[in-house]
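Spelled out from the first residue to the last, the chains are:
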Amino acid sequence: MTSTGAYGERLGALLRLDEVPPTLMTRSLRNTEIAVTETRNDNPVLGLSGSFAAEDAYLVSLKLRDYPECEIWEQGRHLTKADVHAGTTYLYDLKADPRYVIDKPFHSLHFYVPRSALDGLADQSGARRIDALDCSPVGHDDAIVRHIGVCLGDGLRRPDEVNQLFIDHMMLALTAHVAATYGGYRHKSRTGRGALAPWQLARACDKLEADLGGKVPLQAIAAELGLSVSHFSRAFRAATGLPPHRWLLHHRVRTAKRLISERGLSLSEVAISAGFASQSHFTRVFSAVAGISPGAWRRDVEGITGPKGQANSPCGTSVINS
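Residues numbered from 1 in each chain as written. Predicted model: local features only at pLDDT ≥ 70, side-chain atom pairs only at ≥ 80, totals over all residues. Heavy atoms only, no water.

Visitor: Is there a simple way to think about the layout of surface pockets in this case?
Guide: Taking a probe equal in size to a water molecule and rolling it over the atoms shows the remaining empty space. By volume, the second largest pocket amounts to about 180 Å³. Together, L17, D18, E19, V20, P21, P22, E38, T39, R40 and N41 line the second largest pocket. Here the lining of the second largest pocket is built from residues that sort into four nonpolar, two polar and four charged. (1 Å grid on protein atoms, 1.4 Å probe; cavity = no way out; pocket = protein on both sides within 12 Å on 5 of 7 lines; lining within 4 Å. Points joined across faces, edges and corners; volume = space filled by probe spheres on them. Nonpolar A, V, L, I, M, F, W, Y, C, P; charged D, E, K, R; others polar.)

Right, here's the structure in full:
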């Protein structure tokens, strides 16, 4: 993925990676690119990392591996040397040209958050724009960033299975969390804005049902209803009890059950028809939502064996986030 910001291919080049690192990207705030890139090298080329072109943006870095005695540089000067621990989060201001000495194996997730995304978040809620994020050189144990990193990990490893609605949802949550925790952003509640109107909900569901693969971004659905992405996401959840990406997962499973009941299709054919990337993807999601495998559910429907199929249960594991 060729990038204009510090993610994907460009970030990989700065860290001297041999291959383009896996990346997920959204444009849900002002059509601005927000991305997460996984960087890993067990046998790195030694030396100082590449220099970032100055831009008004931040990297939120979740460390997935210990990195003892990390030498951090900013604006061409040595800043500090410290032990970096797996599970900690660091924030880097790209205007300061952050760099570090690569002299041992590394593994991290880097969330690219440009200033325009932070401004768009504030403008959508009517809040005051933040001045800057707190980019202390000390790492933080940020449970929210760790959770989002875990949720997106499956998508980075299996990009064909992750739907764009889920990426949009998680990156919007990451941006809001970072803005609030490190920038003092406070969401401004607007009275009179609850669940979607019946016609809005019907149109949103029609859009979701027409794209079982989940490729239509949240921004496109929200724009059709004349809403911001953040307002649409909150209002859809208020109306249905689920965020859009999870509602779509449940609808995929409902569609799969109908196709199985009609018989005549193999499970692999059902998987593709219901919007899943593969039969294995279908089995994981169906089992997590329905509490029973597709094969067992089919046998139950055909009256051969097995307990009655269970009703859909709330999505609660990372395996059903794609």
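On we go from here.
Visitor: Looking at this structure, how should I read the packing of helix α5 (residues 198-209) against helix α8 (residues 244-262)?
Guide: A pair of packed helices can be characterised by two numbers: the angle between their axes and the separation between those axes. Taken N-terminus to C-terminus, the directions of α5 and α8 make an angle of 60°; their axes are 10 Å apart at the nearest point. Classed by the angle they form, the pair α5 and α8 counts as oblique. Every pair of crossing elements has a handedness; the one defined by α5 and α8 is right-handed. Residues C205, L208 and E209 of α5 touch α8, and the partners they reach there are P244, W247, L248 and H251. Looking at the contact of α5 with α8 residue by residue, the class counts come to five nonpolar, one polar and one charged. (Axes fitted to C-alpha atoms, helices over the stretch in contact; angles between N-to-C directions. Helix = DSSP H or I, 4+ residues; strand = E, 2+ residues; numbered from the N terminus. Parallel < 35°, antiparallel > 145°, perpendicular 65-115°, else oblique. Left-handed = near helix turned anticlockwise from the far one by under 90°. Contact = heavy atoms within 4.5 Å.)

Visitor: Explain the pattern of salt bridges to me, please; I cannot follow it from the model alone.
Guide: Close approach of charged atoms lets side chains of opposite charge pair. Counted by the stated rule, this structure contains 20 salt bridges. D56 serves as the salt-bridge partner of K95, at 3.5 Å between the closest nitrogen and oxygen. One end of the pair, K95, is in the loop between β7 (89-93) and β8 (99-102); the other, D56, is in the loop between β3 (47-48) and β4 (57-63), and 39 residues separate them in sequence. Among the residues examined, K95 registers a relative accessible area of 41% and is labelled partly exposed. Assessed through its relative accessible area of 38%, D56 is described here as partly exposed. As a salt-bridge pair, E161 and R158 come within 3.1 Å of each other at their nearest N and O atoms. Overall, the relative accessible area of 10% leaves E161 in the buried class. Among the ionic contacts, a cluster of salt bridges with common partners joins D56, D93, K95, R115, D119, D123 and R129. (Salt bridge = Lys/Arg side-chain N within 4 Å of Asp/Glu carboxyl O. Buried < 20%, exposed > 50% of the residue type's maximum accessible area, 1.4 Å probe, protein only.)

Visitor: Help me understand the sheet that holds strand β1 (residues 23-29), please; the structure alone is not making it clear to me.
Guide: In a beta sheet, neighbouring strands are held together by backbone hydrogen bonds and run either parallel or antiparallel to one another. The five strands are arranged β1-β2-β9-β4-β7 in an open sheet whose pairing can be described as antiparallel. The two strands at the open ends of the sheet, each matched to only one other strand, are β1 and β7. Within this sheet the neighbouring strands show an average axis-to-axis angle of 20°, counted without direction. Alignment of β1 against strand β2 (residues 32-41), held across five bridges, turns out to be antiparallel. In the strand pairing of β2, L24 is matched with V36. (Pairing = 2+ DSSP bridges.)

Visitor: Help me understand the pairing of β2 in this model?
Guide: Across a regular strand the side chains alternate sides, sitting on one face of the sheet and then on the other. With nine of ten residues buried, β2 is to be regarded as a mostly interior element. In this antiparallel pair of consecutive strands, β1 and β2, the connection spans two residues, and R30 shows a positive phi of 55°. Sheet topology note: the β2/strand β9 (residues 106-114) ladder contains seven bridges and is antiparallel. What sits directly across from T37, in β9, is H110.

Visitor: Which parts of the structure should I look at to understand the nonpolar core?
Guide: Counting residues in each nonpolar core, the largest one holds 52 residues, and the members touching the most others are V36, F111, L133, L152, F232 and F236. Broken down by element, this core gets its largest block of residues, ten residues, from helix α4 (residues 164-183). Ignoring sequence-local partners within four residues, the contact set of L152 consists of L24, V36, F111, F166, M170 and M171. By size, the runner-up hydrophobic cluster in this structure holds 22 residues, among which are L14, M25, A57 and L94. (Core = buried A, V, L, I, M, F, W, Y, C linked by side-chain atoms within 4.5 Å.)

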